[in-house]
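Chains, contacts and geometry: an overview
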Amino acid sequence: MRVKTLLVTWHDRQAVWSVDFSRVANIMATSGADNCVRLWQFDRESLTVTYLCSLGRHVRSVNVIRFSNNGTYLASAGDDGFIFIWKKDEQWSPPADSEDKECWKTIASFQAASAEFYDVSWSPDSQFIAAGATDNAVYIGGLKPNRWVDMKRDHTHFVQGVAWDPQNLLLASLGNDKTCRIYSRNGTTHKHHFTLKKNISSRGIARSSVITQAVTQENKPSKSDPNTVEHSPPPVPQIEANIVQLLPSSEGSASGKSTTTEKSLAEAQPINLPTNPPSTASTTASSAPSGLEDKSDSKYRQALFADESVILSFFRRLSWSPDGKLLCTPSAVYMDIQGATPSFSTYLFSRTSLKPLFHYPSPQFPSLVSRFNPRFFSKIENPYIPIHQYRMIFAIASRKAVSIFDTAHPHPLAVVENLHYADITDLSWSRDGYTLAISSADGFCSLIDFTVEDLGTLLPESEVPKFTNDAEGESEEGAATLSSGEQAKQGPNKKRKVEVANSSKETPINPLPTPVTSITNLIPTTTQAPASTQTTIPLPVSTPVPIPIPVSTPNPLPTHSNPTNSPSS
């Protein structure tokens, strides 16, 4: 595994708000507070990038950029309330005195009259795009009609993340109102019309006679000027980037077994929570914090996501797994019983029940970004999450750290900390699945390059799940996500097939990852990011925990000051 912070003036040393790799070429796009989108040629062997061109139609900060799934288009959205759809001009040839090597032109544009866009997501067929905005709406635009085709106003605060289901049937949004909303597509003719299916905001936990007051903060985060980003001096002369790659322990986690291993993912359901009350509490039940009100005689409702006083970021980027069976939602909080101290976490939801199956604790800071690897990897025996045909890998970023997980192990494959001075803003995997790009508000981007020994081998193309991406049906790989009740409603002619593992095909078991000894010089020697000496230091890494199991050492929600590097309003 190699880690490198690139010595590149990405966006005139202003904040880099978003990064994305193309699915069909070694091209990386970035956007920032300088109102520009820039394209770069990526070379994995040397972990370097070469400037290709700049796209400059935005007049304010560009908060997010995303390549379409077919690699043809690039969407950019920002504080000016515009979404531009770009396409490469194949007929253009660069002039002799031009620094640009490519030319991309806008083929479509969408505008929200009085809103800013924080996140976008493409439909699997690359014909529609969903966007989350500050007017509490989820917009859906179509390329062929070149206009908004649908809009949902179910959120009560900013929509900071959107994710389109790879099976083209669901759309997820995550907002500042502490709610994740799941929309389902209407019928077989309107691919772009969605109906609200479920609001995910809280869950029932064991009742106690007393509860603990949640940490709140009166100061609201404010945006800075779009054209400038202040770089606060580091508190210490150097920053250490700590990297640890872990082997499974010699106990039960070594085999990756869990209580739900024998079940299919479609059958896995959360187990009843413990009922033992906490030993200590500070307030009475009448002082319940907002969002944790009692709505049941038997259970106490715990908010699943943190509010804006705790998540001091304008991005909550959620993501679907490449097969559409799992949804990873950052900016979450977890509490195992009424009165317990809530801790930062990231939830992994099942597509079937739309209930959290596992949570991944964040020891120090709330998680802000989750991104699944687009590639499938070969299976291993006894996976931690009961998906037996393949493995999927995903990254979770908090303000200062990035953790790499897969569906086969109960522990992170790697943890990288303190790569940047300012908050991490976005993540993206390369098209081959072995390189992860990280953008930061300090004006720099980093790359983490993995090997086959780190992540394992890719799943053969013949075994990769296929999706029809139409309204009439799913692939067999995704069919098991429907419950038996939903199958009955479909009728005998549309009954979905249940996924069955093919035991006749034997896939080589991947070797376990090996530890990394040391990595040096991760921070570039510049005025913006001073050099540092790197060492490998064992980290107290938290492991994903099934929802019924309480976190052993929950961390209280800290009180932060206003963010210094946020996109401007």
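Note: the structure precedes this text.
This write-up is about the structure you can find in this document. (Residues numbered from 1 in each chain as written. Predicted model: local features only at pLDDT ≥ 70, side-chain atom pairs only at ≥ 80, totals over all residues. Heavy atoms only, no water.)

Description of the nonpolar core
Formed by 28 residues in total, the largest nonpolar core has its most connected members in V402, I404, L427, L436 and F450. Put simply, the parts of the chain that give this core at least two residues each are β27 (367-372), β28 (393-398), β29 (401-406), β30 (414-417), β31 (424-429) and β32 (435-440). In terms of nonpolar packing, the next biggest core, distinct from the first, is built from 19 residues, Y73, A77, F110 and L143 among them. (Core = buried A, V, L, I, M, F, W, Y, C linked by side-chain atoms within 4.5 Å. Buried < 20%, exposed > 50% of the residue type's maximum accessible area, 1.4 Å probe, protein only. Helix = DSSP H or I, 4+ residues; strand = E, 2+ residues; numbered from the N terminus.)

Re the side chain of E102
If you trace the backbone, E102 turns up in the loop between β8 (82-88) and β9 (104-111). At 3.3 Å, the side chain of E102 and the side chain of K88 are in polar contact. Within the structure, E102 has its side chain in polar contact with the side chain of W104 (distance 3.0 Å). Excluding its chain neighbours within four sequence positions, the residues that come into contact with E102 are I27, L39, L52, C53, K88 and W92. (Polar contact = N/O pair within 3.5 Å; in protein donor to acceptor, adjacent residues only side chain to side chain. Contact = heavy atoms within 4.5 Å.)

Quick look at the sheet that holds strand β13 (residues 147-152)
Spatially, β10-β11-β12-β13 is the arrangement adopted by the four strands of the open sheet, whose pairing is antiparallel. Looking along the sheet, the strands with just one partner apiece sit at the ends: β10 (117-122) and β13. Neighbouring strand axes in the sheet, compared pairwise and without regard to direction, differ in orientation by 25° on average. Judged from the five bridges that link them, β10 and strand β11 (residues 128-133) form a sheet pairing that is antiparallel. Looking at β11, one finds that F117 is bridged to A133. (Pairing = 2+ DSSP bridges. Axes fitted to C-alpha atoms, helices over the stretch in contact; angles between N-to-C directions.)

Here's the deal with the pairing of strand β6 (residues 62-67)
Counting buried positions along β6 yields six of six residues, so the element is predominantly enclosed. Strand direction decides the pairing type here: β6 and strand β7 (residues 73-78), joined by five bridges, are antiparallel. Residue pairing for β7: F67 is matched across the bridge by L74. Adjacent in sequence and paired antiparallel, β6 and β7 are bridged by five residues, among which G71 carries a positive phi angle near 80°.

Structural notes on unusual backbone geometry
In this structure, N146 is a non-glycine residue whose phi angle is positive, near 50°. By the element assignment, N146 lies in the loop between β12 (138-142) and β13.

Brief notes about the packing of aromatic side chains
What the rule picks out here adds up to 26 aromatic pairs. Between F82 and F84, the ring centres sit 5.4 Å apart and the planes meet at 0°, which makes this aromatic pair stacked. Taking 5.4 Å as the distance between ring centres and 40° as the angle between the ring planes, the aromatic pair formed by F358 and Y384 counts as tilted. With F358 in strand β26 (residues 356-359) and Y384 in the loop between β27 and β28, this pair connects stretches of sequence that are 26 residues apart. Per residue, the accessibility class of F358 equals that of Y384, and both read buried. Following the ring pairs from residue to residue traces out a cluster consisting of W17, Y118, F158, F314 and F315. One residue, R317, lies across the ring of F315, its end atom 4.1 Å from the ring centre. (Phe/Tyr/Trp six-rings, centres within 6.5 Å; stacked < 30°, edge-to-face > 60°. Lys NZ or Arg CZ within 6 Å of the ring centre and 35° of its normal.)

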